[in-house]
Amino acid sequence: KLEEAKAINAKNLKERFAIDQVIANSKMDIADPIVNDQITRMINDFQRSIEQQGMSVEQYLQYAGATMDQFRETMKPDALKRLQQRYVVEAIVKAENIEVSDEEFEQELEAQAKRYNIELSDFKNILDDEARAQIKEDAAIRKAIDLVVDTAVEVEGKVEEAAEEKKPAAKKTTRKTTKKADDA
């Protein structure tokens, strides 16, 4: 299980690194209202998550000693990054004409039904057209990410280097030494 988790983590790191490289080589201007909408979605997600733990966003902000405006400002870089990732991957799907076959779509439905522990036929019955379209779009996005990773030229050690940058720096400890005076 630990090896499986390591493999998944390595795959995710490689995907993020490859997409980040595409973003770095892309030029895009994202309007503030779009970024603000993304921040609002992120806050709503955060709110649902924190409410499951019995706390409100207002309580969290009070505990953190921050205002909603300050909280929104701290989320801006992450919101911008998420939008850039989405736009880059959507552009790859379009440029490469990536489509999801009926067989791939069926496999995705089976995987999701299994994940939710629901019979496939029951899962299919609860999906409306919008949900089916979203599942198909998500599968196309995964195919685009796989394409980027598969065609990326890996620079020796760059993925590992990026992983190290994400980790907090190790705390340095110094040993106190005292100098003894020579008895000369």
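Preceding this section is the structure that the text describes.
Described below are features of the structure shown in this document. Residue indices follow the written sequence of each chain, beginning from 1 at its first position. In keeping with the model being predicted, local features are shown solely for residues with a pLDDT of at least 70 and side-chain atom pairs are shown and tallied solely at 80 or more, while totals for entire chains, interfaces and linings include all residues. As a rule here, side-chain values cover all heavy atoms of the structure and leave hydrogens and water aside.

1. Comments concerning the overall build of the chain
Step number 1: Numbering of helices and strands runs from the N terminus; a helix is a DSSP stretch of H or I covering at least four residues, while a strand is a stretch of E covering at least two. Check the secondary structure of the chain and you find eight helices and zero strands.
Step number 2: Across the chain, helices and strands are ordered from the amino to the carboxyl terminus as α-α-α-α-α-α-α-α.
Step number 3: Each residue is assigned to one of three classes by its accessible area relative to the maximum for its type, calculated with a 1.4 Å probe on protein chains only: buried under 20%, partly exposed between the two thresholds, exposed over 50%. Counting over 184 residues, the chain shows a buried share of 23%.
Step number 4: Considering only contacts within the chain whose residues lie at least 6 apart along the sequence, 75% involve residues at least 24 apart. Contact definition: two residues touch when any of their heavy atoms are within 4.5 Å.

2. Some points on the nonpolar core
Step number 1: To define a nonpolar core, start from buried Ala, Val, Leu, Ile, Met, Phe, Trp, Tyr and Cys residues and group those joined through side-chain atoms within 4.5 Å. One finds Ile19, Ile92, Ile98, Leu109, Phe123, Ile135 and Ala144 to be the most contacted residues of the largest nonpolar core, which totals 21 residues.
Step number 2: Breaking this core down by element, the ones donating at least two residues are helix H1 (2–24), helix H4 (68–95), helix H5 (102–115) and helix H7 (129–151).
Step number 3: At seven residues, the largest contribution of residues to this core is made by H7.
Step number 4: Ignoring sequence-local partners within four residues, the contact set of Ala144 consists of Val89, Ile92, Val93 and Ile98.
Step number 5: Judged by nonpolar contacts, the second largest core, of 12 residues, contains Ile30, Met42, Ile50 and Ala79.

3. Focus on helix H2 (residues 32–51)
Residues lying three or four places apart along an α-helix face the same way, a consequence of the helix completing one turn every 3.6 residues.
Step number 1: By this rule the span expected of a helix is its residue count minus one, scaled by 1.5 Å. Here H2 is 20 residues long and its end C-alpha atoms lie 28 Å apart, about the 28 Å a rise of 1.5 Å per residue gives.
Step number 2: Taken residue by residue, H2 has Val35, Gln38, Ile39, Met42, Ile43 and Ile50 as its buried positions. For H2, the angular spread of buried residues about the axis comes to 140°, placing them on one side.
Step number 3: Looking at the packing, one finds that the buried side of H2 touches helix H3 (57–64) and H4. The arc in question is the one traced by the directions running from the helix axis out to the C-beta atoms.

4. Some remarks on the side chain of Gln38
Step number 1: Mapping Gln38 onto the fold places it in helix H2.
Step number 2: Judged by relative accessible area, which is 7%, Gln38 ranks as buried.
Step number 3: Gln38 has contacts with Ala79, Arg82, Leu83 and Arg86, leaving out every residue within four places of it along the chain.

5. Examining the packing of aromatic side chains
Step number 1: Put simply, two rings from Phe, Tyr or Trp (the six-membered ring, in Trp's case) pair if the centres are within 6.5 Å, and we call them stacked under 30 degrees between planes, edge-to-face over 60, tilted for the rest. Enumeration over the complete set of coordinates arrives at four aromatic pairs.
Step number 2: Between Phe46 and Phe71, the aromatic rings sit 5.3 Å apart at their centres with planes inclined by 55°, giving tilted as the arrangement. One end of the pair, Phe46, is in helix H2; the other, Phe71, is in helix H4, and 25 residues separate them in sequence.
Step number 3: With relative accessibility at 24%, the residue Phe46 sits in the partly exposed group.
Step number 4: Site record: aromatic cluster; members linked through ring pairs are Phe46, Tyr60 and Phe71.

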